[in-house]
Amino acid sequence: MQLGIIGLGRMGGNISRRLMRAGHQTIVYDRSTAATDALAKDGATGVGGLADMVKQLSAPRAIWVMLPAGEITEATVNELAGMLDRGDIIIDGGNSYYKDDMRRAAALREKGLVYIDVGTSGGVYGLERGYCMMIGGAEDAVRHLDPIFVALAPGIGSIERTPGRDGRDPRAEQGYLHCGPAGSGHFVKMVHNGIEYGIMQAYAEGFDILHHKDSAELPEDQRFTLNMADISEVWRRGSVISSWLLDLTAIALAENETLSNYEGGVADSGEGRWTIEAAIEEAVPVPVLSSSLFARFRSRRAHTFADKLLSAMRAKFGGHAEAAIEGS
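Attention in this report is confined to the structure presented alongside it.

What counts and how
Numbering of residues starts from 1 in each chain and follows the order in which that chain's sequence is written. pLDDT decides what is reported in this predicted model: residues at 70 or higher carry local features, side-chain atom pairs at 80 or more are listed and counted, and totals for whole chains, interfaces and linings draw on all residues regardless. The basis for every side-chain value is the complete set of non-hydrogen atoms in the structure, without hydrogens or water. Strand pairing is assigned whenever DSSP detects at least two bridges linking the two strands. Helix and strand definitions here come from DSSP, where helices need a minimum of 4 consecutive H or I residues and strands a minimum of 2 consecutive E residues; each element is numbered from the N-terminal end. Only heavy atoms enter the contact rule, under which two residues are in contact if any of them lie within 4.5 Å. Angles here are taken between N-to-C directions and fall from 0 to 180 degrees, while the axes themselves are lines fitted to C-alpha atoms, restricted in helices to the stretch in contact. Each helix should span, by expectation, one fewer than its residue count multiplied by 1.5 Å. Classification of residues uses two cut-offs on accessible area relative to the type maximum, computed with a 1.4 Å probe and protein chains only: under 20% is buried, over 50% is exposed, and between them is partly exposed. What counts as a salt bridge is simple: a side-chain nitrogen of Lys or Arg found within 4 Å of a carboxyl oxygen of Asp or Glu.

### Here's the deal with the sheet that holds strand 4 (residues 62-65)
The pairing of strands in a sheet happens through backbone hydrogen bonds and is either parallel or antiparallel.
Then comes step 1: Strand order in the open sheet formed by 8 strands is 3-2-1-4-5-6-7-8, with mixed pairing between adjacent strands. Single-partner strands in this sheet number two, and they are strand 3 (45-46) and strand 8 (176-180).
Then comes step 2: Relative to strand 5 (residues 89-92), strand 4 runs parallel, the two being bridged by 4 bridges. By the bridge assignment, A62 is partnered in strand 5 with I89.
Then comes step 3: Sheet contacts for helix 5 (residues 98-109): strand 5 and strand 6 (114-121); angle to strand 6, the most-contacted strand, approximately 155°.
Then comes step 4: Across the sheet, helix 9 (residues 184-211) lies against strand 5, strand 6, strand 7 (132-136) and strand 8, angled at about 20° from strand 6, the strand it touches most.

Below, the structure is given as structure tokens:
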């Protein structure tokens, strides 16, 4: 099957490579000619722009946009919409806001075009492990693209099958799922990322407690010097909190147990914020997810005006001295 791919970054390039391994033909474009040329050397057909891509693809065309959410994706979808024919498919495989998907799908439907949103999880490991995909859009278009999704998905692999799934959608245990209409794929992926924030924060806080068990603030006979790398490793083996995120944590700690090669400023890519917004709209309490997002905000700031004001108030009402700043 043919697929156009726009955006050949950390995931787009490997999506092309995984598809080619499965025998599919990819027509690829990136603003970076070096990225396009690299995929061409691997067997893809590189093109110099969107118009060239449209010419290279046979109808009904399918083009996967793998770009950052926001203006660049919006502009690319709009540009493609002016070049494609009725029945052609635009796939947004990035992390767009689901309400933008719903709007785009409605606008493209008026032109006879099909819009599919694919929440794609797998990161830099997707080439070998496969990609978990959460898909939104019309059922017939999703079925048409099934060979693409099968090639990209991880498959059942070594994971035990869940009891009681007889009669349910078999695609889910292959690692991809048609979640519903346009926007639903990215909505499910958005919540997935919100949960990811919470899990990561729980690991981070737990390991921080372990790390500080030898603190000078504790009585000397209550201090332990614990091996973070070994603890992360033993938790991978049969523990109820084992996970791929813990696997990656163990790798990082084995490389550098003090993590001195990291500064600790944690970015957020938008999905965590959108998850909290959705929770507010639905009146669903999400204390873990919201606090994990706020922790990321906090990680990017030095001591704030708010911190200083707290210290000032404590000094004024009780004469309390400020705590020593760790590392100063």
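The discussion continues.
### A short note on the environment of A75
Then comes step 1: By secondary structure assignment, the location of A75 is in helix 4 (residues 71-81).
Then comes step 2: Between the alpha carbons of A75 and H178 there is a distance of 26 Å; along the sequence they are 103 residues apart.

### Structural notes on helix 12 (residues 271-282)
Then comes step 1: Taking 1.5 Å as the rise per residue, helix 12 with 12 residues should run 16 Å; its terminal C-alpha atoms sit 16 Å apart, in good agreement.
Then comes step 2: Where the residues of helix 12 are buried, they touch helix 9 and helix 13 (287-299).
Then comes step 3: A283, located one to two residues past helix 12, shows a positive phi value of around 55°.

### A word on the side chain of T36
Then comes step 1: Note on placement: T36 falls in helix 2 (residues 33-41).
Then comes step 2: Taking relative accessible area as the criterion, T36 reaches 6% and is therefore assigned buried.
Then comes step 3: Look past the residues within four positions of T36 in its chain and what remains in contact with it is L8, V28, Y29, D30, G46 and V47.

### Focus: the pairing of strand 7
Then comes step 1: In terms of residue burial, strand 7 counts as a mostly covered element, since 4 of its 5 residues are buried.
Then comes step 2: Judged from the 5 bridges that link them, strand 6 and strand 7 form a sheet pairing that is antiparallel. What sits directly across from S121, in strand 7, is C132.
Then comes step 3: Examined bridge by bridge, strand 7 and strand 8 share 4 bridges and lie parallel to one another. Bridging from a neighbouring strand, I135 pairs with H178 of strand 8.

### Considerations on the pattern of salt bridges
Two side chains that carry opposite charge are able to pair once their charged atoms sit near each other.
Then comes step 1: This structure, assessed with the given rule, holds 19 salt bridges.
Then comes step 2: Of the charged contacts, one joins E173 and R161 as a salt bridge, the two residues approaching to 3.4 Å between their closest N and O atoms. Residue E173 is located in the loop between helix 8 (146-152) and strand 8, and its partner R161 is located in the loop between helix 8 and strand 8; the two are separated by 12 residues in the primary sequence.
Then comes step 3: Classification of R161 as exposed rests on a relative accessible area of 55%.
Then comes step 4: Salt bridges linked by common partners bring E74, D92, D100, D101, R103 and R104 together as one network.

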